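Structural overview for review
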Amino acid sequence: MIDLLTCEAIRDEITGDFPGVYIGLPHDGESITMPCVLLDLRGDALVGGPLQRGSLTAAVMQQTDDSTVAEHIELVQQVTDAIKNVTGAGSEIQIYGVVAINSENQNTERHWVTNLQFTLGYGPQT
């Protein structure tokens, strides 16, 4: 599916910006370590062509024992900025635009969790 390829392209593009932060996908078989960013993309094909429009969720998580609210806010802003600037460069995917649309904050079981929502246009490299 092009959605998983797009998640991989986004992960590959932003991973270098976040040393020490686990950037994961829905089907990774690895143990998740904190801090982490988990990416999930749900896409819809546009009729008559190869382009897709999708809803990307980036769940940014940190342990409350290992970070402060200010540190979490800073990481969330950095992740937002990085995702808004992805292009798919160097991958099979072209990302045509990213718009941040909303966020949701939680503090559950000693974790800071912020779910960031983006709408993006993407398709295969031409």
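Above this text sits the structure in question.
Overview of the structure. All values reported here derive from a predicted model rather than from experimental measurement. Counting restarts for each chain, with residues numbered from 1 along the sequence as it is written. Given that the model is predicted, a residue must reach a pLDDT of at least 70 before its local features are reported, and side-chain atom pairs must reach 80 or more before they are shown or counted; all residues, however, enter totals for whole chains, interfaces and linings. Side-chain figures throughout are based on the complete set of non-hydrogen atoms in the structure, without hydrogens or water.

1. Quick word on the overall build of the chain
Secondary structure counts use DSSP, requiring at least four H or I residues in a row for a helix and at least two E residues in a row for a strand, with both numbered from the N terminus. Each helix and strand counted, the chain has two helices and five strands in total. Seen in sequence order, the chain has helices and strands lined up from the N terminus as α-β-β-β-α-β-β. The C-alpha radius of gyration of the chain comes to 15 Å, within 12% of the 14 Å expected for a compact globule of 126 residues. By its C-alpha atoms, the chain is 50 × 25 × 20 Å across when sized along the principal axes. Under the scheme applied here, a residue whose accessible area is under 20% of the maximum for its type counts as buried, over 50% as exposed, and between as partly exposed, the area being computed with a 1.4 Å probe on protein chains only. Across the 126 residues that make up the chain, the buried fraction comes to 40%. Here a residue-residue contact requires only that any non-hydrogen atoms of the pair lie within 4.5 Å. In the chain, 57% of the contacts between residues at least 6 apart in sequence involve partners at least 24 apart. Two residue types count as positive, namely Lys and Arg, and two as negative, namely Asp and Glu; His and chain ends fall outside the count. Note on charges: their place is set at NZ of Lys, CZ of Arg, CG of Asp or CD of Glu. Computing the positive centroid from 5 side-chain charges and the negative centroid from 17, the chain places the two 7 Å apart. For the radius of gyration, the atoms used are the C-alpha atoms, and the globule rule reads 2.2 Å times the number of residues raised to 0.38.

2. Details of the pairing of strand β3 (residues 52-63)
Counting buried positions over the 12 residues of β3 gives nine, a clear majority of the element. We treat two strands as partners when DSSP finds at least two bridges between them. Looking at chain direction, strand β2 (residues 36-45) and β3 are connected through 10 bridges and run antiparallel. Note on β3: the bridge partner recorded for Cys36 is Met61. Linking β2 back to β3 in an antiparallel pair, the connection comprises six residues, with Gly48 at a positive phi of about 85°.

3. Details of the pairing of strand β4 (residues 93-108)
Across 14 bridges, the pairing between β4 and strand β5 (residues 111-124) is antiparallel. What sits directly across from Val99, in β5, is Thr119. What sits between the antiparallel neighbours β4 and β5 is a turn of two residues, in which Glu109 has the positive phi angle 40°.

4. A word on unusual backbone geometry
For the bond from Met34 to Pro35, the omega torsion is 0°, close enough to zero to count as cis. Relative to the helices and strands, Pro35 resides in the loop between β1 (22-24) and β2.

5. Comments concerning the sheet that holds β3
Within the open sheet, the five strands sit side by side as β1-β2-β3-β5-β4. Their pairing is mixed. The sheet terminates laterally at β1 and β4, the two strands that pair on one side only. Mean inter-strand twist for the sheet, computed between neighbouring axes without regard to direction, equals 20°. Relative to β2, β1 runs parallel, the two being bridged by three bridges. Bridge assignment links Tyr22 to a residue of β2, and that residue is Cys36. Lines are fitted to the C-alpha atoms to define the axes, a helix being fitted only along its stretch in contact, and any angle between axes, read from their N-to-C directions, falls within 0 to 180 degrees. Most of the contacts of helix α1 (residues 2-14) go to β2, to which it runs at about 145°, and overall it touches β1, β2, β3, β4 and β5. Across the sheet, helix α2 (residues 69-84) lies against β2, β3, β4 and β5, angled at about 0° from β5, the strand it touches most.

6. Some details on the environment of Val98
Of note, Val98 is situated in strand β4. By relative accessible area, which is 16% here, Val98 ends up buried. When the C-alpha positions of Val98 and Glu74 are compared, they lie 20 Å apart, and in sequence the two are 24 residues distant. Aside from chain neighbours lying at most four places away, what touches Val98 is Ile83, Lys84, Val86, Phe118, Thr119 and Leu120.

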